[in-house]
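In case you want the letters, here they are:
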Amino acid sequence: MGRKFHILDVFTDQAYEGNQLAIVEDADGLTSEQMLAITKEFGFSETVFLQSSDNPTAAAKVRIFTPSSEIPFAGHPTIGTAFLLGSFKAQEQNSGSDILLVLDEEIGPVRCAVSVSSGKACYAEFDVPALPKLISSVPEVDLVADALGVDIQDVGFENHKVMSAEIGIRFVYVPLKNLSLVRKVSPNFAYWNNAFSKSDPVGVYVYCRGGASADSGYHARMFAPDFGILEDAATGAAAVGFSRVIEAFEIDAQTKYETIIEQGFEMERPSHLRLEVEFQSKEIKLVRLGGKAVLVASGELV
């Protein structure tokens, strides 16, 4: 095929940590079936394919695939793609100016900013193109506990309860009382469909307050077995949807909420996602997600 590809670790500044991402350049002409086959070959939770966009302001059309299907939006592919294209542009312009670019994703145009230091990209963030929606369908707590291998009394802390939200893809959010419980979660897939088939999420996002890192506001894990992802090292789309959790359980009179969500520690792929939410009259006005990334390999598909 002769197409260049790059492998990045996203939501980290250390190689071989964070969430792995493959990005294939010049993907015009590839069929969806070919892109899915290439995604399976890489074996990562997501692979990005860059194509020409009809949007004259967009840097590229971005198609995102999991090992099972194409999805309209995902966080770590967006951060990784912005970081890679920003790195190319930083090299071209040979200056320390930050870079703004637009990615044409199925969910809509995504505005991204890439911070540049010493002529190199060092951080990327994006404004969410569509606010996450709160979903009324929520699984029963006892079924959730069975599916996650925890006791029912372990589910929930303070005023946090199980809830569901979606941003192109749907997640169920499950609060657990402490870090030890989150680390001990062992999904029981014999109970999985019974717990989650009615709410039909892509993934189940388990979280608690605090974390292993001193600056982390929350510690999270994400499981999406039906999409070929037993566990994900960093789930940007779920972090975006988590803004609805913040709105429901954390906001009093604030107009802005910022936090770091850590993920991937149980997989030995530590990741840190920076979530920023702006509110007006206690309702979400803007969601922004950011993180670091590092390029670990480049090559060519043959």
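Refer to the structure printed above.
Note that the structure is predicted; figures quoted are calculated from it, not measured.

(A) Just the pairing of strand E16 (residues 271-280), in detail. Pairing geometry for strand E15 (residues 256-263) and E16, over 8 bridges, is antiparallel. Looking at the pairing, isoleucine 260 lines up with arginine 274 of E16. Counting the residues between successive antiparallel strands, the hairpin from E16 to strand E17 (residues 283-291) contains 2 residues, one of them, serine 281, with a positive phi of roughly 55°.

(B) Region of the structure containing helix H1 (residues 32-42). Among all positions of H1, only Met35, Leu36, Ile38, Thr39 and Phe42 are buried. Viewed end-on, H1 has its buried residues packed into an arc of 160°, placing them on one side of the element. Exposed residues lying more than 90 degrees from the buried face of H1 are Glu33, Lys40 and Glu41. The inward-facing, buried residues of H1 contact strand E1 (4-10), strand E2 (19-24), strand E3 (47-51) and strand E4 (60-65). Phi turns positive one or two residues past the end of H1, at glycine 43, with a value near 80°.

(C) Geometry of the side chain of serine 213. With respect to the element layout, serine 213 can be found in the loop between strand E12 (203-209) and strand E13 (218-224). At a separation of 2.9 Å, a polar atom in the side chain of serine 213 contacts the side chain of histidine 272. Discounting residues that sit within four places of it in the chain, serine 213 has contacts with Glu262, Phe265 and His272.

Rules and cut-offs
- Residues numbered from 1 in each chain as written.
- Predicted model: local features only at pLDDT ≥ 70, side-chain atom pairs only at ≥ 80, totals over all residues.
- Heavy atoms only, no water.
- Pairing = 2+ DSSP bridges.
- Helix = DSSP H or I, 4+ residues; strand = E, 2+ residues; numbered from the N terminus.
- Buried < 20%, exposed > 50% of the residue type's maximum accessible area, 1.4 Å probe, protein only.
- Arc of directions from axis to C-beta.
- Contact = heavy atoms within 4.5 Å.
- Polar contact = N/O pair within 3.5 Å; in protein donor to acceptor, adjacent residues only side chain to side chain.

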